[in-house]
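A structural walkthrough
Residues per chain are reported as follows:
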Amino acid sequence: YTILSKVHSDRNVYPSAGVLFVHVLEREYFKGEFPPYPKPGEISNDPITFNTNLMGYPDRPGWLRYIQRTPYSDGVLYGSPTVENVGKPTIIEITAYNRRTFETARHNLIINIMSAEDFPLPYQAEFFIRNMNVEEMLASEVLGDFLGAVKNVWQPERLNAINITSALDRGGRVPLPINDMKEGVYVMVGADVPFSSCLREVENPQNQLRCSQEMEPVITCDKKFRTQFHIDWCKISLVDNTKQVSTFQEVIRGEGILPDGGEYKPPSDTLKSRDYYSDFLITLAVPSAVALVLFLILAYIMCCRREGVEKRNMQTPDIQLVHHSAIQKSTKELRDMSKNREIAWPLSTLPVFHPVTGEIVPPLHTDSYDNTSMPLMQTQQNLPHQTQIPQQQSAGQY
């Protein structure tokens, strides 16, 4: 395949700081840049994936996230711009990959962050929606329905979506692929009026106790969300920025404050020469000498101090040596005689069946050997080389 790369013109967007920014990377926008299918009139449905990064860097800014579930769905850039980036254009390089033809198409997205006059909104509430994924919540109609439900409960004059975060980015687990389970999403909204009594019900001691026991709290306005959004009221977070106390405190020197040591003076770059001969003697020469001495002592004990067989025989009485030699000769003679036995084993001790196959095993004797004339147990008269004992005769024969 021939891999081509085409560059689109730059596109400018103007989000506000502290307000949710959503930009959809539509596959239809890039399909015209890739060649159609070979058959004329066939609808093109190539798998397309996107790669986004800050120009000159391998990744996106910290406040910007990207998600695309499958190569056949649109990609979404979303996040909440910060005040630090106001007035600084952020250039995002977007590269589309056609997984069928291996072609690429690239264009730049210039994000010009504007300052919001009513930012920051002093009252902020973060909801956890259990039956939604982040890409489903980023859809304009779904997010509009959620903000409408919050507005009916809160009744503010100004209401903005500040940020949306997937539960997986908060340490949540991937749900099981059963019953169409969702991973969940956190949605933070801000308003210019204090929290309503319905939202304050979460802070009641009774509801706090129910949440500690992993039970659903009793919220009167939950039915306004339940038709489309399942809110986990135990995970709701209410932040009132009007009551935030400044944590800046003037540093007062006293106990626990280190004194000023003056200007730091690093060590010199030039290193002095050092003699390692003494270190060598301590670490190698001395242990080696001790090991050599121990080896010589052990060799002398094992090789030069052996008594030997001759000294043992000299210290043993002659009568004991004669007895020992006679026992050895008798043992050897008995073993030689046992090897020369020609008497067959009794038939009662021979195996009848093969231990593995179970077949009947023929006798181990040769065909010329007469088994019928051999009794099961040999008597003293049948044994060869047996000395005959004279029979006792009656007194009348003498």
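Our structure's up above, just so we're on the same page.
What you see is a predicted model, and the numbers here were worked out from it, not measured in a lab.

The rules we used
Going along each chain's sequence as written, the residues are numbered from 1 onward. The predicted nature of this model means local features are confined to residues of pLDDT at least 70 and side-chain atom pairs, given and counted, to a pLDDT of 80 or more, with totals for whole chains, interfaces and linings taken over all residues. Each side-chain value is derived from all of the structure's non-hydrogen atoms; neither hydrogens nor water enter the calculation. Where helices and strands are cited, they refer to DSSP runs of H or I of at least four residues and of E of at least two residues respectively, numbered from the N terminus. The cut-offs for exposure are 20% and 50% of the maximum accessible area for each residue type, with area from a 1.4 Å probe on protein chains only; residues under the lower value are buried, those over the upper are exposed, and the others partly exposed. Polar contacts, as used here, are pairs of N or O atoms within 3.5 Å; protein pairs need one atom able to donate a hydrogen and one able to accept it. Residues neighboring in sequence count only if both atoms are side-chain atoms. Salt bridge criterion: a side-chain nitrogen from Lys or Arg within 4 Å of a carboxyl oxygen from Asp or Glu. We define a nonpolar core as any set of buried Ala, Val, Leu, Ile, Met, Phe, Trp, Tyr and Cys residues linked to one another through side-chain atoms lying within 4.5 Å. Note that the domain bounds reflect an automated or database-derived domain assignment. A contact between two residues is defined here by any heavy atoms of the two lying within 4.5 Å. Distance thresholds for patches are 9 Å for like charges and 5 Å for nonpolar side chains (Val, Leu, Ile, Met, Phe, Trp, Tyr), applied to residues having over 30% relative accessible area and no salt bridge. Reported accessibility uses the Shrake-Rupley method at a 1.4 Å probe radius. Residues are deemed covered only where the shown protein chains occlude them. Disulfides are defined in this document as cysteine sulfur pairs within 2.5 Å. Only the six-membered ring of Trp is used, alongside the rings of Phe and Tyr, when aromatic pairs are assigned; centres must lie within 6.5 Å, and planes under 30 degrees apart are stacked while those over 60 apart are edge-to-face, with the rest tilted. Only when the NZ of Lys or the CZ of Arg is both within 6 Å of the ring centre and within 35 degrees of the ring normal is a charge said to sit over the ring. Pairing between two strands requires that DSSP report at least two bridges joining them. Axis lines are fitted to C-alpha atoms, over the contacting stretch for helices. Their N-to-C directions set the angle, which ranges from 0 to 180 degrees.

**Concerning the side chain of Asn-53**
Structurally, Asn-53 is set in strand β4 (residues 48-54). Of the residues examined, Asn-53 reaches a relative accessible area of 10% and is grouped as buried. Polar side-chain contacts of Asn-53 include one of 3.0 Å to the backbone oxygen of Tyr-57.

**Digging into the pattern of salt bridges**
Under the criterion given, the structure shown has 13 salt bridges. For Asp-59, the salt bridge goes to Arg-60, with nearest N and O atoms at 4.0 Å. What makes Asp-59 partly exposed here is its relative accessible area of 44%. Where Arg-69 meets Glu-135, a salt bridge forms, and the shortest distance between an N and an O atom there is 2.8 Å.

**Description of the nonpolar core**
Counting 39 residues, the largest nonpolar core has Phe-127, Met-137, Phe-146, Trp-154, Val-189 and Trp-233 as the members making the most contacts within it. Mapped by element, the contributors of at least two residues to this core are β6 (75-79), β9 (123-129), α2 (134-137), α3 (140-154), β10 (159-166), β11 (185-191) and α4 (197-200). Per-element accounting of this core gives the leading share, eight residues, to α3. When we break this core down by domain, the ones giving at least three residues each are domain 1 (11-113) and domain 2 (123-240). Excluding residues within four positions of it along the chain, Phe-127 makes contact with Phe-146, Val-150, Val-185, Tyr-186, Val-187, Val-189, Leu-199, Ile-231, Trp-233 and Ile-236. In terms of nonpolar packing, the next biggest core, distinct from the first, is built from 19 residues, Ala-17, Phe-21, Phe-30 and Ile-48 among them.

**What to know about the environment of His-23**
Within the secondary structure, His-23 sits in strand β3 (residues 21-25). When the C-alpha positions of His-23 and Leu-138 are compared, they lie 9.5 Å apart, and in sequence the two are 115 residues distant. Here His-23 is in contact with Arg-11, Val-13, Gly-75, Val-76, Leu-77 and Leu-109, once residues within four sequence places are set aside.

**Observations regarding a nonpolar patch on the surface**
On the surface, a cluster of nonpolar side chains totalling about 880 Å² of accessible area is made up of Val-286, Val-290, Val-293, Leu-294, Ile-297, Leu-298, Tyr-300, Ile-301 and Met-302. Examined against the element boundaries, Ile-301 turns out to sit in helix α7 (residues 277-304).

**Details of the state of the cysteines**
Summed over the entire model, instances satisfying the criterion amount to two disulfides. Across the disulfide, Cys-198 is cross-linked to Cys-221 (sulfur-sulfur distance 1.5 Å). Handedness of the Cys-198-Cys-221 disulfide follows from its S-S torsion of about -75 degrees: it is left-handed. Pair noted here: Cys-198 is in helix α4 and Cys-221 is in the loop between α5 (205-212) and α6 (223-226), with a separation of 23 residues, a long-range link. Comparing Cys-198 with Cys-221 shows no difference in burial state: the two are buried. For the protein, the bonded cysteines pair up as 1-3, 2-4 when numbered in the order they occur along the sequence.

**Observations concerning the packing of aromatic side chains**
Applying the stated rule across the entire model yields twelve aromatic pairs. Between Tyr-123 and Phe-195, the aromatic rings sit 5.7 Å apart at their centres with planes inclined by 85 degrees, giving edge-to-face as the arrangement. Placement of Tyr-123 in strand β9 and of Phe-195 in the loop between β11 and α4 is noted, with a sequence separation of 72 residues between them. Against the face of Tyr-186 rests Arg-170, its NZ or CZ located 4.4 Å from the ring centre. The lysine or arginine in question, Lys-235, covers the ring of Phe-128, its NZ or CZ lying 4.6 Å from the ring centre.

**Overview of the sheet that holds β3**
Pairing is antiparallel in the open sheet, where three strands are placed in the order β3-β6-β5. Taken across any chain shown, the strands that pair with only one partner, and hence form the sheet edges, are β3 and β5 (64-67). Here the average twist between neighbouring strands, direction ignored, is 20 degrees. With five bridges connecting them, β3 and β6 associate as antiparallel partners. Note on β6: the bridge partner recorded for Val-24 is Val-76.

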